[in-house]
Amino acid sequence: SKDRNTLGVDPNSSFGAKNKFSPYADEMETKLFGGDLVVALHNTTADALAMEKDRNDEVVVNNPKYKGYIMTTDPAVFAELKASPYNVVLQYKSKPKNDQNSLSRRAESVGKKYINVEAEMGDEKGQKAMLDAALKAHRKVNGIANRSSR
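Heads up: these notes are all about the structure in this document. (Residues numbered from 1 in each chain as written. Predicted model: local features only at pLDDT ≥ 70, side-chain atom pairs only at ≥ 80, totals over all residues. Heavy atoms only, no water.)

## What about the overall build of the protein?
In step 1: A count of helical and extended segments in the protein gives 5 helices and 5 strands.
In step 2: The order of helices and strands in the protein, counted from the N terminus, is α-β-α-β-β-α-β-α-β-α.
In step 3: Burial status across the protein gives 37% buried among its 150 residues.
In step 4: A separation threshold of at least 6 residues defines the contact pool for the protein, and within that pool the share at least 24 residues apart is 60%.
In step 5: Here the protein displays about 9100 Å² of accessible surface, and carbon together with sulfur accounts for 51% of that area. (Helix = DSSP H or I, 4+ residues; strand = E, 2+ residues; numbered from the N terminus. Buried < 20%, exposed > 50% of the residue type's maximum accessible area, 1.4 Å probe, protein only. Contact = heavy atoms within 4.5 Å. Areas by Shrake-Rupley, 256 points an atom, 1.4 Å probe, with all protein chains shown as cover.)

## Examining helix α5 (residues 124-141)
In step 1: If you check α5, its first and last C-alpha atoms are 26 Å apart, about what 18 residues at 1.5 Å a residue would give, namely 26 Å.
In step 2: Of the positions making up α5, those classed as buried are Gly126, Gln127, Met130, Ala133, Ala134, Ala137, His138 and Arg139.
In step 3: Along its buried surface, α5 packs onto β1 (37-44), β3 (69-72), α3 (75-81) and β5 (113-120).
In step 4: Phi turns positive one or two residues past the end of α5, at Gly143, with a value near 65 degrees. (Expected span 1.5 Å × (residues − 1).)

## Things to note about the pairing of β5
In step 1: In terms of burial, β5 is largely enclosed, as 6 of its 8 residues are buried.
In step 2: Two strands pair when backbone bridges link them, and β1 and β5 are joined in this way by 8 bridges, in the parallel orientation. For Leu41, the partnering residue across the bridge sits in β5 and is Val117.
In step 3: Pairing between β3 and β5: 4 bridges, direction antiparallel. The residue of β5 that forms the bridge with Ile70 is Val117. (Pairing = 2+ DSSP bridges.)

## Brief notes about the nonpolar core
In step 1: Within the largest apolar cluster, 15 residues are counted, with the highest numbers of intra-cluster contacts made by Ile70, Phe78, Leu81, Ile115 and Met130.
In step 2: When contributions to this core are tallied by element, the ones reaching two or more residues are α3, β4 (88-90), β5 and α5.
In step 3: For this core, the element with the most residues is α5, which contributes 4 residues.
In step 4: In contact with Phe78, other than residues within four places in its own chain, are Glu58, Val60, Thr72, Val88, Val89 and Leu90.
In step 5: Leu49, Val89, Leu103 and Tyr114 belong to the second-largest nonpolar core, a separate cluster that totals 11 residues. (Core = buried A, V, L, I, M, F, W, Y, C linked by side-chain atoms within 4.5 Å.)

## Here's the deal with the sheet that holds β1
In step 1: The 5 strands lie next to each other as β1-β5-β3-β4-β2, forming an open sheet whose pairing is mixed. In this open sheet, the two strands that pair with only one neighbour each are β1 and β2 (58-60). The sheet shows a mean angle of 15 degrees between the axes of neighbouring strands, taken without regard to direction.
In step 2: Docked against the sheet, helix α2 (residues 48-55) engages β1, β2, β3 and β4, running at close to 30 degrees with respect to β3.
In step 3: Helix-sheet contacts for α5 involve β1, β3 and β5, and the interaxial angle to β5 is about 160 degrees. (Axes fitted to C-alpha atoms, helices over the stretch in contact; angles between N-to-C directions.)

## Points about the environment of Ser104
In step 1: Mapped onto the fold, Ser104 is located in helix α4 (residues 103-109).
In step 2: On the basis of relative accessible area, Ser104 is assigned to the buried category, the value being 5%.
In step 3: Between the C-alpha atoms of Ser104 and Tyr114, which are 10 residues apart in sequence, the distance is 6.3 Å.
In step 4: Discounting chain neighbours no more than four positions away, the residues touching Ser104 are Met71, Thr73, Gln91 and Tyr114.

## Side note on the side chain of Asp74
In step 1: By secondary structure assignment, the location of Asp74 is in the loop between β3 and α3.
In step 2: For Asp74, a relative accessible area of 8% translates into the label buried.
In step 3: A distance of 2.9 Å separates a polar atom in the side chain of Asp74 from the backbone nitrogen of Ala76.
In step 4: When near neighbours in sequence (up to four residues on either side) are disregarded, Asp74 contacts Leu90, Lys113, Val141 and Asn142. (Polar contact = N/O pair within 3.5 Å; in protein donor to acceptor, adjacent residues only side chain to side chain.)

Any functional reading would require information beyond the geometric quantities listed.
Next comes the structure, spelled out in structure tokens:
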């Protein structure tokens, strides 16, 4: 929608769609999907978590007063995060009626693991804490040695 950016197109909804970003989609995908994991950081001012309940396989609300959440396409990471203090969304093999051609859906369709940290606007501390928790869960379930943070 026009309120998302000055181009009138949400760049996160450009994967598989025909819009102003289409000429760049292949190049973006090559760069984004070069590794085993895609990590995205977003901010929200609305109750996006409520919308996710209708579009995804499972949603765990551990903090109903917080609008942010961690989304993953990896069921093992989701299972690890269910006990965390954060709201968690599993997007796994689900396809909503209104598929927005998002990066997460595209990553899922090409078999890439995806983590999105959706923090409340201005909550940098919360975003970092959720990102740390998500990456820790990813490393744990995938047998990756934990790196010390800087």
